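Structural overview for review
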Amino acid sequence: MDARGGGRRAGQRRRRRAARWLAPSLPPFLRTSGSHLSKSSHFTSDKSKGQRDQVMLFGKISQQLCGLTKPPRSCDYRNFWGWLNAVFNKVDYERIKDVGPDRAASEWLLRCGATVRYHGQERWQKDYNHLPTGPLDKYKIQAIDATESCIMRIGFDYLEGLQHVEKIRLCKCHYIEDDCLERLGKLENLQKSILEMEIISCGNITDKGIIALYHLRNLKYLLLSDLPGIREKENLIQTFKTALPSLELKLDLK
């Protein structure tokens, strides 16, 4: 067998193996082939830089994976996905300046597997590669559904400039912890705009994080379900009854 030919075939096998390890947990926009990405309407003039940088980043990650000769141990595997998700959550402040807070936050949320809905629209935006283009002030995020997404605290600066978010759903978010809710409760724009929140099956949330939501002074509806970290249910009820007397608090806790 020719040594060079054998080496090429071995490299191909490593690339296929790396793709199988990587694909299941990738955000939707990175599961798309490079040829499709290059033709996407996203890659146009003033909106291209951020996406090109993200694809280049994915290319570097793929190159590193191709050098692996065997699957990582389970502990290493978990550490790797934690690192990769942190990469997806890293805040690009230049991108926020270039395209505005709503567009940049939309890209972050969809990159992490969440969906968004804009004011005046019924359709949820689920495909990173087909986010609508147009004037920067045209599309304002009204609702966020972060079900089974990988959003984490380091990405929450993307929420700071949002002024029209009325509803947030956090369901089965493994990286959401108390400090995420504390950060959310301190954002002045969200204190004014959020009307509804649902927090479901987020195992790292405790009473400390939930209580921080009393800062959302216009909150009208709060659903808390399947949160084993909550230990003092009666204290929560009393806190919200005092701080937000008009709040409808719905609890489905053991």
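Above this text sits the structure in question.
Let us look at the structure shown here. (Residues numbered from 1 in each chain as written. Predicted model: local features only at pLDDT ≥ 70, side-chain atom pairs only at ≥ 80, totals over all residues. Heavy atoms only, no water.)

**Side note on the overall build of the protein chain**
- Along the protein chain, the regular secondary structure elements total ten helices and seven strands.
- Each of the 254 residues in the protein chain was classed as buried or not, and the buried ones make up 43%.
- Expressed as a percentage of contacts within the protein chain between residues at least 6 apart in sequence, the contacts between residues at least 24 apart total 72%.
- Accessible surface computed for the protein chain: about 13700 Å², of which carbon and sulfur atoms make up 50%. (Helix = DSSP H or I, 4+ residues; strand = E, 2+ residues; numbered from the N terminus. Buried < 20%, exposed > 50% of the residue type's maximum accessible area, 1.4 Å probe, protein only. Contact = heavy atoms within 4.5 Å. Areas by Shrake-Rupley, 256 points an atom, 1.4 Å probe, with all protein chains shown as cover.)

**Let's talk about unusual backbone geometry**
- Although it is not a glycine, serine 201 sits at a positive phi angle of roughly 50°.
- With phi around 50°, aspartate 226 is a residue other than glycine that occupies positive phi space.
- As for its placement among the helices and strands, aspartate 226 is situated in the loop between β6 (221-225) and α10 (233-243).

**Points about the sheet that holds strand β3 (residues 141-145)**
- What the seven strands build is an open sheet, ordered β2-β1-β3-β4-β5-β6-β7; its pairing is mixed. Among the strands making up the open sheet, the edge pair consists of β2 (124-125) and β7 (248-252).
- With two bridges joining them, strand β1 (residues 115-118) and β2 adopt antiparallel strand pairing. Each bridged residue has a counterpart across the sheet, and for arginine 117 the counterpart in β2 is tryptophan 124.
- Seen against the sheet, α10 touches β6 and β7 and runs at an angle of roughly 170° to β7. (Pairing = 2+ DSSP bridges. Axes fitted to C-alpha atoms, helices over the stretch in contact; angles between N-to-C directions.)

**Considerations on the pattern of salt bridges**
- Counted under the stated rule, the structure contains eleven salt bridges.
- Here the residues in one salt-bridge network are Asp145, Lys167, Arg169, Glu196 and Glu198, joined through shared partners. (Salt bridge = Lys/Arg side-chain N within 4 Å of Asp/Glu carboxyl O.)

**Regarding the nonpolar core**
- Leu170, Met197, Ile199 and Ile210 are the most contacted members of the largest nonpolar core, which has 54 residues in total.
- When residues in this core are grouped by element, the largest group, five residues, is from helix α6 (residues 101-111).
- In this structure, leucine 170 is in contact with Ala146, Ile151, Ile176, Leu181, Met197, Glu198, Ile199, Ile200 and Cys202, ignoring residues within four places of it in sequence. (Core = buried A, V, L, I, M, F, W, Y, C linked by side-chain atoms within 4.5 Å.)

**Some words on the environment of leucine 187**
- When you line up the elements, leucine 187 lands in the loop between α7 (178-186) and α8 (188-193).
- Of the residues examined, leucine 187 reaches a relative accessible area of 3% and is grouped as buried.
- Once the C-alpha coordinates of leucine 187 and glycine 161 are considered, the two residues, 26 residues apart in sequence, prove to be 8.8 Å apart.
- Excluding residues that lie within four positions of it along the chain, leucine 187 makes contacts with Phe156, Leu159 and Glu160.

**Let's talk about the packing of aromatic side chains**
- Within the structure shown, the criterion is met by three aromatic pairs.
- Ring geometry for tryptophan 108 versus tyrosine 158: centroids 5.4 Å apart, planes at 15°, classification stacked. In this pair, tryptophan 108 is assigned in helix α6 and tyrosine 158 in the loop between β3 and β4 (167-171), connecting sequence segments 50 residues apart. For the pair shown, tryptophan 108 and tyrosine 158 are each scored as buried. (Phe/Tyr/Trp six-rings, centres within 6.5 Å; stacked < 30°, edge-to-face > 60°.)

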